[in-house]
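Residue strings, one per chain:
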Amino acid sequence: MKFFIDTANIDQIRQAHEMGILDGVTTNPSLMAKEGVKGKEQIFNHYKTICSIVDGPVSAEVFATDYEGMIREGEELAAIDPKITVKLPCTKDGIRAVKYFSSKNVATNCTLVFSVGQALLAAKAGATFVSPFVGRLDDISEDGVALISHIVNVFNCYGFQTQVLAASIRHTNHIIRCLDAGADVATCPLSAIEGLLKHPLTDKGLDTFVKDAAKMQ
Ligand code: G3P
C-alpha cells in the first residue's frame with residue numbers, strides 16, 4: 001500500500017519525506033486555506049514547493065464546481081508540474097471533467113466519494129484515483145473501511161485500473177484496517193503515520209539495550 005500525506009503543510013511534508021516512506025501528497029481547499037496562502041500566484045507557488053519535495057503524485061483540487069471551470073482550472077494545475085494530479089469532486093460535472101482529463105492522459109483524483117456507485121462512475125470515466133472518505137462516514141455511524149473493501153472488490157472483479165485512495169484517515173487504526181481492506185493508497189495525517197511506529201515494547205527493549213550498552217563503555 002502506498003502512503004500519501006494528507007496536508008499542505010510544507011514542514012510536515014518534509015518530515016514524512018525524510019522518513020523515506022512518502023509516496024505522494026493530497027491537498028484540498030480546506031488544507032490549503034490552513035496554510036494561509038491567498039491568490040493564484042501564492043497557491044501555485046505552494047504546489048511547486050510541494051512538488052519540489054516529493055517524488056510522487058501531488059493532488060491539487062479545483063475550486064470550480066462547473067464543468068468549464070473545472071477544465072480551465074485543472075489544465076492550469078496540471079501545467080504546474082508533471083507530478084500534479086487534478087482533484088475533482090464526484091459530481092456530474094466532476095465525472096465529465098475526469099473523462100476529459102483521462103482522455104488527455106492527465107492524472108485525476110475523484111474526491112468526496114462516499115458510495116460504491118460514485119466510485120464506479122469515477123472508474124468508468126477513467127479516474128487515476130478515487131478518494132472514499134473513511135473518517136467522515138465513521139462520523140455518521142457508517143463503516144468507512146467497509147466501503148473501501150466494497151470498492152476494492154468491485155474494481156478487482158471488473159478489472160478497473162483506478163486506484164482506491166483511502167482518505168479522511170483520522171488515526172493509525174484506520175491505516176491498518178485499510179491495509180486489510182486492500183486499499184492501493186492511504187492518505188494520512190503525519191500523526192497517523194508516526195503512530196505506526198509506536199510500541200511500548202520497542203521503547204522498553206531499547207531502554208534495556210541502552211542501559212546494558214552503557215555497562216560496556
Ligand atoms: O483528503 C480528504 C481529507 O483531507 C478529509 O479529511 O478529516 O476533513 O474528513 P477530514
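Refer to the structure presented above.
If you're wondering where the values come from, they're calculated on a predicted model, not measured in any experiment.

## Quick look at the site of the ligand
Point 1. If you check the shell around the ligand, you find Asp 6, Asn 28, Leu 31, Lys 87, Phe 133, Arg 136, Ala 167, Ser 168 and Arg 170 and nothing else.
Point 2. Asn 28 has a polar side-chain atom sitting 3.0 Å from an oxygen atom of the ligand.
Point 3. Protein chains bury 81% of the 310 Å² of accessible surface belonging to the ligand in isolation.
Point 4. When its residues are assigned to classes, the shell around the ligand shows 3 nonpolar, 2 polar and 4 charged.

## Quick word on the environment of Ile 140
Point 1. Position of Ile 140 among the secondary structure elements: in the loop between helix H7 (134-139) and helix H8 (144-158).
Point 2. A relative accessible area of 55% means that Ile 140 is categorised as exposed.
Point 3. C-alpha of Ile 140 to C-alpha of Val 164: the two residues are 24 residues apart in sequence and 21 Å apart in space.

## As for the pattern of salt bridges
Point 1. Summed over all chains, the structure comprises 5 salt bridges.
Point 2. Where Lys 40 meets Glu 76, a salt bridge forms, and the shortest distance between an N and an O atom there is 2.9 Å. Of this pair, Lys 40 sits in helix H3 (residues 39-53) while Glu 76 sits in helix H4 (residues 67-78); the two residues are 36 residues apart in sequence, bridging distant segments of the chain.
Point 3. Here Asp 139 ties to Arg 170 by a salt bridge, and the two come within 3.0 Å at their closest N and O atoms.

Reading the values: the criteria
Residues numbered from 1 in each chain as written. Predicted model: local features only at pLDDT ≥ 70, side-chain atom pairs only at ≥ 80, totals over all residues. Heavy atoms only, no water. Near = heavy atom within 4 Å. Polar contact = N/O pair within 3.5 Å; in protein donor to acceptor, adjacent residues only side chain to side chain. Areas by Shrake-Rupley, 256 points an atom, 1.4 Å probe, with all protein chains shown as cover. Nonpolar A, V, L, I, M, F, W, Y, C, P; charged D, E, K, R; others polar. Helix = DSSP H or I, 4+ residues; strand = E, 2+ residues; numbered from the N terminus. Buried < 20%, exposed > 50% of the residue type's maximum accessible area, 1.4 Å probe, protein only. Salt bridge = Lys/Arg side-chain N within 4 Å of Asp/Glu carboxyl O.

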